[in-house]
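Fold and geometry: a report
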Amino acid sequence: RCHTVRHFIGNVLTPVRPRLKAVFHALAPPFLCTMQAFFSAWLYFLFSGGPNPRAVDVCVLHRSREECTGASLPPRQQEWADQRDGGWQCRWDPNVDYYRYPCTKFNCDGGGHLLRNKYSVIFEFLGFLYWAVACAGMTQAIDIMDDIPAVHGHRQVVQARARHLV
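Residues numbered from 1 in each chain as written. Predicted model: local features only at pLDDT ≥ 70, side-chain atom pairs only at ≥ 80, totals over all residues. Heavy atoms only, no water.

When its secondary structure is counted, the chain shows six helices and two strands. Beginning at the N terminus, the succession of helices and strands in the chain can be written as α-α-α-α-β-β-α-α. Out of the 166 residues in the chain, the part that is buried amounts to 14%. Within the chain, counting contacts between residues at least 6 apart in sequence, those at least 24 apart form 41% of the total. For the chain, the accessible surface area stands at approximately 13,300 Å², while carbon and sulfur atoms represent 65% of it. (Helix = DSSP H or I, 4+ residues; strand = E, 2+ residues; numbered from the N terminus. Buried < 20%, exposed > 50% of the residue type's maximum accessible area, 1.4 Å probe, protein only. Contact = heavy atoms within 4.5 Å. Areas by Shrake-Rupley, 256 points an atom, 1.4 Å probe, with all protein chains shown as cover.)

Time to look at the packing of aromatic side chains. Evaluated as defined, the whole model comprises three aromatic pairs. Note on Phe38 and Phe39: the rings are 5.2 Å apart at their centroids and 70° apart in plane angle, and the pair reads as edge-to-face. Here Phe39 and Trp42 contribute two aromatic rings whose centre-to-centre distance is 6.4 Å and whose plane-to-plane angle is 85°, an arrangement assigned as edge-to-face. Pair noted here: Phe39 and Trp42 are both in helix 2 (residues 17–47), with a separation of three residues, about one helical turn. (Phe/Tyr/Trp six-rings, centres within 6.5 Å; stacked < 30°, edge-to-face > 60°.)

Scanning the entire structure with this criterion turns up two disulfides. Paired by a disulfide, Cys59 and Cys90 hold their sulfur atoms 2.0 Å apart. Around the S-S axis, the bridge from Cys59 to Cys90 shows a dihedral of about -90° and counts as left-handed. On the criterion of sequence distance, the pair formed by Cys59 in the loop between helix 2 and helix 3 (65–69) and Cys90 in strand 1 (residues 90–92) is long-range, its members being 31 residues apart. Residue Cys59 is classed as buried on the basis of its relative accessible area, which comes to 4%. Accessibility expressed as a relative area gives 4% for Cys90, which makes it buried. (Disulfide = S-S within 2.5 Å.)

Right, let's get into the confidence of the model for the chain. Per-residue confidence for the chain gives a mean pLDDT of 76; residues scoring 70 or more make up 70%. Mean pLDDT across the secondary structure elements of the chain bottoms out at helix 1 (residues 2–12), with 64, and peaks at helix 5 (residues 113–146), with 86. (pLDDT = per-residue confidence, 0-100.)

Attention shifts here to a nonpolar patch on the surface. On the surface, a cluster of nonpolar side chains totalling about 1,100 Å² of accessible area is made up of Leu115, Tyr119, Ile122, Phe123, Phe125, Leu126, Phe128, Leu129, Trp131 and Val133. Here Phe123 shows up in helix 5. Exposure remark for Phe123: the relative accessible area of 55% places this residue in the exposed category. (Patch = residues over 30% accessible without salt bridge, like charges linked within 9 Å, V, L, I, M, F, W, Y side chains within 5 Å. Salt bridge = Lys/Arg side-chain N within 4 Å of Asp/Glu carboxyl O.)

So, in structure tokens, the structure goes:
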């Protein structure tokens, strides 16, 4: 599988292959295999915990008193949630205003948690913006490389090989 990904990326980088070939063949296979192993492990641990662990502390997702107090969890997950610092994190308030959630996290802004999350969202947006600008820059670089005479000659060689194979 890693070989197929390496082959695909190698074909995408065909115009600059002569300069990057040594670097690419040295770094890409271990990097791609490592990333594939990382994401496989991440997906395994994300989905192996059962139906509820990802949503245990997202109190606003609980719609009933039983869900909010943890009564709908399996016994082992109830034990785990109760043994943590602070115990079960969600609290039910039946007298809440209409526009608020009745199930909220106890001490929601403890230790400046909301402020850190606010900065996380801002920097996540800035990271996405940086990525979008980098993609636009790479598109411009590819457009410039398409006008290089050596690339046109290489493209003709690739097309001739493709015609010969067909």
